[in-house]
Amino acid sequence: MSTDRKARVSRTAALHLAMESEEMLRRIEGFPDNPVAMGYFYDLFRSRGKGESRPSGKGKAVGTLCVQVPEELIRACGARPVRLCSGAQAHESVGAEIMPAKSCPLVKATLGMLESGGQLEDLCGIVVPTTCDQKRKMASLLASHGYPVHLLEMPPVKDSEGARFYWQESVKELALTLEKWTGVRLNRKSVQAAILERSQASRVFQQLYALQCSQPAPLAGKDLLLVANSYFFDDINCWRQAVATLCMELEARVARGQGAGARQAPRILFTGSPPIFPNLKVPVLVEEAGAVIVADELCSSARLLHDQAIIGEGTLADMIPALADRALKPCTCPCLADNRDRERRLLTLADDYQVDGVIYQAFSGCLPYELEQRQIGAGLAQKGVPMLYVETDYSPEDMGQLSTRVEAFLESIRTRKYHKGVKK
Amino acid sequence: MKKFAGIDIGSTSIKIAITDEEGTLVAHRITPTGSLFHKNTVAAFESLLHEAGIGREEIGAIVSTGYGRKLFKEADLSVSEITANGVGAANLGHSAVRTIINIGGQDLKVIRLDNDGHVSDFAMNDKCAAGTGRFLEMTARNLEIEVDELGSYHENSRGVPVVINSTCTVFAESEIISLLAAGHAKEDLVAGIHYAIARRVARLARRLGVEDTVLFDGGPAVNRGLVIALEDELMREVVVPELPQLTTAYGAALLAGEYVDTEVERCCA
């Protein structure tokens, strides 16, 4: 791309991103009684949308894609991980010029973001796990556009011992690359400190997430997703403190019995392709229609922070495999072969959080989620949990139809609940 | 006796149904949506009340549905057209209806009902208007015939229906024009178009599984040709209600009756 054209593309993308962010924040903030502590996160996304970058930690930045990157290793090298997955249509339209029309909007947007030079804090390299085909192919495209790329080789299954060994070797390879990119050698102390730092962050997230078990749930899902989403780029310690503050406020809400929606609001579990700001289209629509998303099974939220590395002995030779296990074993990404895995997780969540229904979003072009959809829907139905499957992308054009479908789904849940109550 | 109103504000037409406390339809009206749909809805509602000799104060509750449902602020409640359509169809007196196929001005819906007549599942087309009422209007215009003549053209088709490959409204338009130019009979073209739509609908319906009686409603259900094509594609008989455009508005009116009941319960509790 010529420099002149590149400048124009960046300017337009930045303008559209600002418009999109403002519009989404207007809707998110438009709900009554948002927690005061959410202000931190609203401000964070507002300034990011406007391109006013704020210092999000020290050191060089290492870009990551997908949850399987053991970010502790990046921190242990004195760098900061920035997850690059983009939810902006502004970026998607740039990416659409280099990617096929059928490809997933997330991959298009991420590539578009890197093309247009948006939100790129001095990246010293990008780690791309070999999750789905599109991410794999994207890695080559990124490399040909001049970015240092490390392909983090992932096995397509996770249960066999062979896969586990292969993956641990891949993570060791990553450690070597990170040392090269940052010029810092990993040691026992730095890795241990990074594990601890992330565990603390993960613990407050779990605390926040557990609060959603309460009847009624204290936090709207659109806020929960925003909180988790900001972990993509925020300084880990500032983030942890902000979440802790939010938890305190929510505990008071739970004590008062104050919920995020109406008392009888259907409790929804959200799963599928990850909603990433500003594309919180479907979650926001669901809650505008009167439901509350109380739990999720998403790589942009619960799957991101639910697990911690457990280390028995603090030697580097033990810690790296432990990190590898943490990043792969609990992961329920549909790019892994077993379809039953995610279904089991969804059923557990549905039970724990007493959900009334599941909303399953698949981005057009995201084959793994599309492929698992039927089987999971049938499995849930068997246990009496209804599921709504929606295929969508980052464009706002399907809002009318989406809102009709979401409302009809919620109405059918309400009717069923009401008649169950009458029969009792 | 109180009356209840259901107003279905669709992209093409506004449908109003008024029922009594027993759920019997006492008055109805179908009027084009136009561009000033709010004004048109209010006007249609008022003139319907006037014509039927019903006072505004007799209306116990109004439920709005359809694309314009949220913009009609006078309604006591708004529900999605899927719920309203399900309720309406379940109460039309066809006992074994488990599948509803609704074709509207700009969308296609397939709704599954459970044994209690509640919506158990549904599917809807995505963003585009292929196979909807708009598609039929466009077709009729290209063939220079009226929309309500499509049915008789289909029935008069003597040849093999012409295959229409494009499911996109825009592309189908040029395809139809070139097929016309190639000398195909309008009758066979119309039949081909109906089969193209029916195939699309059947595919959507099969995703949910088709059982027992299929009820076909929405404006295009008055088109006999489309009914024939749908029966062929689904390989079963299809029931069309007497006023297929009105099912959803009727369901909304029934929900208005229920709404009043639950209000009373809430006050007493």
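A few points on the structure. Please read all numbers here as calculations on a predicted model, not as lab measurements. (Residues numbered from 1 in each chain as written. Chains lettered and ligands numbered in written order. Predicted model: local features only at pLDDT ≥ 70, side-chain atom pairs only at ≥ 80, totals over all residues. Heavy atoms only, no water.)

1. Looking at the state of the cysteines
Worth spelling out the cut-off: Put simply, a disulfide is two cysteine sulfurs that come within 2.5 Å.
Tallying each qualifying case throughout the model produces zero disulfides over all chains. No disulfide involves A:Cys77; its nearest neighbouring cysteine sulfur is the one of A:Cys124, lying 9.0 Å away.

2. Quick word on a negative patch on the surface
Residues and elements named next belong to chain B. Worth spelling out the cut-off: Think of a patch as exposed residues, more than 30% relative accessible area, with no salt bridge, where like charges cluster within 9 Å and nonpolar side chains (Val, Leu, Ile, Met, Phe, Trp, Tyr) cluster within 5 Å. A 1.4 Å probe and the Shrake-Rupley method give the accessible areas. Residues count as covered only by the protein chains that appear here. Any carboxyl oxygen of Asp or Glu that lies within 4 Å of a side-chain nitrogen of Lys or Arg is treated as forming a salt bridge with it. Here Asp and Glu are counted as negative and Lys and Arg as positive; His is not counted, and neither are the chain ends. Lysine's charge is taken at NZ, arginine's at CZ, aspartate's at CG and glutamate's at CD. Here a strand is any run of E in DSSP of at least two residues, a helix any run of H or I of at least four, and the numbering for each starts at the N terminus. Per-residue accessibility, obtained with a 1.4 Å probe over protein chains only, is compared with the maximum for each type, and a residue is labelled buried under 20%, exposed over 50%, and partly exposed between these values.
Among the surface-exposed residues, Glu21, Glu22, Glu258 and Asp261 lie close enough to one another that they form a single negatively charged patch. Take Glu22: it is sitting in the loop between strand E2 (13-20) and strand E3 (25-32). Judged by relative accessible area, Glu22 falls into the exposed class, the value being 65%.

3. Some remarks on the sheet that holds E2(B)
Residues and elements named next belong to chain B. This is how the line gets drawn: One bridge is not enough; two strands pair if DSSP finds at least two bridges between them. Whether two residues are in contact is decided by their heavy atoms: any pair within 4.5 Å suffices. Angles shown run from 0 to 180 degrees and are taken between the N-to-C directions of axes, each axis being a line fitted to C-alpha atoms and, for helices, limited to the stretch in contact.
Overall, mixed pairing links the five strands, which are arranged E3-E2-E1-E4-E5 in an open sheet. Across the chains shown, the open sheet's two edge strands, defined by having one partner strand only, are E3 and strand E5 (77-78). Bridge analysis of strand E1 (residues 3-9) against E2 gives seven bridges, and the strand direction is antiparallel. Looking at the pairing, Ala5 lines up with Ile18 of E2. With respect to the sheet, helix H1 (residues 37-52) is in contact with E1, E2, E3 and strand E4 (59-65), its orientation differing from that of E2 by roughly 35 degrees.

4. Here we look at the packing of helix H14 (residues 339-352) of chain A against helix H15 (residues 367-382) of chain A
Residue and element names in this part refer to chain A. Where we set the bar: Geometric relationships in this document are graded by angle, where less than 35 degrees denotes roughly parallel, more than 145 denotes roughly antiparallel, 65 to 115 denotes roughly perpendicular, and other angles denote oblique. The crossing is said to be left-handed when, going from far helix to near helix, the turn is anticlockwise and less than a right angle, and right-handed when the turn is clockwise. Each residue receives one of three labels: charged for Asp, Glu, Lys and Arg, nonpolar for Ala, Val, Leu, Ile, Met, Phe, Trp, Tyr, Cys and Pro, and polar for the others, Gly being one of them.
Where H14 contacts H15, the axes come no closer than 10 Å and their chain directions differ by 50 degrees. Taken together, the axis directions place H14 and H15 in an arrangement best described as oblique. Where H14 crosses over H15, the handedness of that crossing is right-handed. In contact with Asn339, Arg340, Arg342, Glu343, Leu346 and Leu347 of H14, H15 contributes Tyr369, Glu372, Gln375, Ile376, Gly379 and Leu380. Here the residues of the contact of H14 with H15 are counted per class, giving five nonpolar, three polar and four charged.

5. Focus on unusual backbone geometry
Note: most residues except glycine have negative phi, and most peptide bonds are trans. All names here are of chain A. With an omega of -5 degrees, the peptide bond between Gln215 and Pro216 qualifies as cis. Relative to the helices and strands, Pro216 resides in the loop between helix H8 (188-211) and helix H9 (221-230). Of note, the amide linkage connecting Phe277 to Pro278 takes the cis form, showing an omega dihedral of 0 degrees. With phi around 55 degrees, Asp33 is a residue other than glycine that occupies positive phi space. The residue Asp33 is located in the loop between helix H1 (3-29) and helix H2 (39-49) in this model. Judged by relative accessible area, which is 57%, Asp33 ranks as exposed. At Cys66, a residue that is not glycine, the phi angle is positive and equals roughly 70 degrees.

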